[in-house]
Amino acid sequence: MEEEFEGLIVGGGLAGASVAWHLAERGATHNGVWVLLESEALPGVHASAQNAAMVRGLVEHPGLRWLAFEGQRFWNRPPESLGLPPEAFRPLGSLLLASRPETAALLRAAAEAGKNEGVEIEILDPANCLRCFPFLEGTPFLCGFHAPRDGIADPAALLQAFLRGFRERGGRVETGRRVERLLVERDAVAGALLKDGSRLRSPRVCLAPGAWHDDICRASGIRSRALRPHRRHLFCTTSRPPFLEGMPGFVWHVDAQVYFRPEGEGLLFSACDEDAVEAGVPAVADEILEWAHDRLGVFPWLRELQVGKRWAGLRTFAGDRRFLLGADLEVEGLFHAAGLGGHGVTCAGPVGRLVARCLVEPSRRPEEAGSPAPLPAL
Ligand SMILES: Cc1cc2nc3c(=O)[nH]c(=O)nc-3n(C[C@H](O)[C@H](O)[C@H](O)COP(=O)(O)OP(=O)(O)OC[C@H]3O[C@@H](n4cnc5c(N)ncnc54)[C@H](O)[C@@H]3O)c2cc1C
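Help me understand the nonpolar core in this model?
Where a protein is soluble and globular, its nonpolar side chains tend to be buried together. Within the largest apolar cluster, 50 residues are counted, with the highest numbers of intra-cluster contacts made by Ile9, Leu67, Trp75 and Phe162. Contributions of two or more residues to this core are made by α1 (14-25), β3 (34-38), α3 (65-76), α6 (155-168), β21 (324-327), β22 (334-338) and α9 (344-360). For phenylalanine 162, the contacting residues outside a window of four places in its chain are Leu14, Ala17, Ser18, Trp21, His22, Phe74, Trp75, Leu82 and Ala348. Judged by nonpolar contacts, the second largest core, of 28 residues, contains Cys129, Phe133, Leu136 and Phe299.

I would appreciate a short explanation of the packing of α1 against α6 in the present structure.
Two numbers describe a pair of packed helices, the interaxial angle and the distance between the axes. α6 packs onto α1 with a crossing angle of 35° between their chain directions and a minimal axis gap of 8 Å. Two packed elements cross with a definite hand, and for α1 against α6 that hand is left-handed. Contacts between α1 and α6 involve Leu14, Ala17, Ser18, Ala20, Trp21, His22 and Ala24 from the first element and Pro155, Leu158, Leu159, Ala161, Phe162, Leu163, Gly165 and Phe166 from the second.

Quick question: what am I supposed to make of the site of the ligand here?
Around the ligand there are 40 residues in total, and Glu38, Ser48, Met54, Val179 and Thr346 lie nearest to it. The separation between an oxygen atom of the ligand and a polar main-chain atom of valine 345 is 3.0 Å. Here the ligand has 1000 Å² of accessible area as a free molecule, and 97% of this is covered by the chains. Those elements giving two or more residues to the shell around the ligand turn out to be α1, β3, α2 (47-50), β15 (228-237), β20 (307-317) and α9. Two domains each put at least three residues into the shell around the ligand: domain 1 (1-91 + 150-227 + 318-378) and domain 2 (94-148 + 229-317).

Just to check I follow, could you spell out unusual backbone geometry for this structure?
Excluding glycine, residues mostly carry a negative phi; peptide bonds, for their part, are mostly trans. Within the chain, glutamine 257 stands out as a residue other than glycine whose phi angle is a positive 60°. For glutamine 257, the location among the structural elements is in the loop between β16 (250-253) and β17 (258-263). With a phi close to 65°, arginine 321 is a non-glycine residue in the positive phi region. The residue arginine 321 is located in the loop between β20 and β21 in this model.

Calculation criteria
Residues numbered from 1 in each chain as written. Predicted model: local features only at pLDDT ≥ 70, side-chain atom pairs only at ≥ 80, totals over all residues. Heavy atoms only, no water. Core = buried A, V, L, I, M, F, W, Y, C linked by side-chain atoms within 4.5 Å. Buried < 20%, exposed > 50% of the residue type's maximum accessible area, 1.4 Å probe, protein only. Helix = DSSP H or I, 4+ residues; strand = E, 2+ residues; numbered from the N terminus. Contact = heavy atoms within 4.5 Å. Axes fitted to C-alpha atoms, helices over the stretch in contact; angles between N-to-C directions. Left-handed = near helix turned anticlockwise from the far one by under 90°. Near = heavy atom within 4 Å. Polar contact = N/O pair within 3.5 Å; in protein donor to acceptor, adjacent residues only side chain to side chain. Areas by Shrake-Rupley, 256 points an atom, 1.4 Å probe, with all protein chains shown as cover. Domains from an automatic or database assignment.

Note that all results are geometric; they support no functional claim without further evidence.
Below, the structure is given as structure tokens:
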């Protein structure tokens, strides 16, 4: 069976859904049929459902700075036409801690850049930090960064808002539709072959399949961009110490690699483990809490809390940790919205805006569309 479409988006996580919404917002869905293909029965069940939901505007990586600022701004002031319910993003603030001078310098440079872009970040010395956040007594750090407009998102609500807007403007979302490989003819994309044998013909395809990006590239005979999935565990405790009352939306010790935030009656936390694995549903490793014991020592009380729920998810990124966004440099008509690593909730807005712009104005590179986040070197 062969059908023809204006464009295909592969993957219904936050990346693909945001691209789809931004395409619809630009009117692209009035000019022809765009289809978002999702292999699962429901969209957004992989990384977009397994994350810690923190919106963090201050990042160490200079190549991701602009996207993180823009992402934070996007969720604080979402486009009205997105119809996002107010509880979908709660600007509860964040506190980042650095204990190494190099990390403090990187975050300080990012904070200065943020200030120039109107992103509010307060730099706190340890005494000030302790005065504001007494629960840090006993935690080693050199410098604190308080970002009052960071916060906690409801990723399912963000995803639904993107997909609803896409559908309402004529876009099609098809679930249970796994792309086996892309159809490539004379160095140009021609559509996709699905697992059920259907051939969907289209001159434009946007790849947003999260952890499966590399698998699809290899199956399609396209040069792989080496985006690797990495497993990370999250834990929820069954209670929360009263002394954390009034804490910001989340606290992240960047050098110790531990973060935590309130979740229900307890805390959600991670010791930022990072194992390269195959794409799929990651198994939970029982020994990981034992492994995390030393890292958690910066918040010794955290080790005393009883852990209830736990799960693992995949963060997928390139070797240099830059996102892979925009037009493919080798295959005409192919676009990427992938490699969002641990920042895809924060950055979904600007990622979708940028890639949609590249899709409808194909001569554009992400840099030309306003992003200093170039494609990773091929
Ligand atoms: C433990 C953990 C904590 C995190 N915490 C945060 C955080 O606090 N803040 C933050 O900003 N980010 C965080 N992230 C990162 C964020 O979750 C991801 O960057 C983001 O969800 C990636 O979205 P995606 O759409 O690229 O991938 P996904 O959500 O994985 O979506 C890809 C979709 O493509 C589909 N697909 C795959 N192959 C095919 C195919 N062949 N055909 C059709 N469909 C296909 C999949 O089924 C899936 O639905 C975290 C991630 C993890 C794992």
